[in-house]
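Geometric and topological summary
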Amino acid sequence: MAVPLMTQEAEAATRADAAASRRKADLHGLALLATIIIAMTAWIGALVWAAIAFLSWLVS
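Scoring rules and cut-offs
- Residues numbered from 1 in each chain as written.
- Predicted model: local features only at pLDDT ≥ 70, side-chain atom pairs only at ≥ 80, totals over all residues.
- Heavy atoms only, no water.
- Helix = DSSP H or I, 4+ residues; strand = E, 2+ residues; numbered from the N terminus.
- Buried < 20%, exposed > 50% of the residue type's maximum accessible area, 1.4 Å probe, protein only.
- Areas by Shrake-Rupley, 256 points an atom, 1.4 Å probe, with all protein chains shown as cover.
- Patch = residues over 30% accessible without salt bridge, like charges linked within 9 Å, V, L, I, M, F, W, Y side chains within 5 Å.
- Salt bridge = Lys/Arg side-chain N within 4 Å of Asp/Glu carboxyl O.
- Phe/Tyr/Trp six-rings, centres within 6.5 Å; stacked < 30°, edge-to-face > 60°.

Digging into the overall build of the protein
Helix and strand counts for the protein stand at 1 helix and 0 strands. The proportion of buried residues among the 60 residues of the protein is 0%. Surface summary for the protein: the accessible area is close to 5,600 Å², and the carbon and sulfur share equals 75%.

Now the structure itself:
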C-alpha cells in the first residue's frame, strides 16, 4: 500500500508557490530585457548622433 507523502493541500500549495515563482522570474526577465533594450537604443542613438556630428564637422 502506497502512503502519500503530501496531502492534497500541500501539493496545491507547492504548485501555487512554483507558479508564483515562475511569474516572478518572468517579470524579472522582462525587466532585464527592457533595460537592455533601452540601453542599446541609447547607445546606438549616441553613435548615430556622433557620426552625424562628425560628418557635418567634416563637410563644414
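Moving on from the coordinates now.
What to know about a nonpolar patch on the surface
Together, Leu32, Ile36, Met40, Trp43, Ile44, Leu47, Val48 and Ile52 make up an exposed nonpolar region whose accessible area comes to about 820 Å². Inspection of the secondary structure puts Ile36 in helix 1 (residues 8-59).

Some words on the packing of aromatic side chains
One pass over the full model with this rule turns up 1 aromatic pair. For the ring pair Phe54 and Trp57, a centre distance of 5.8 Å and an interplane angle of 35° mean the geometry is tilted. Within this pair, Phe54 and its partner Trp57 are both found in helix 1, separated by 3 residues, close to a single helical turn.

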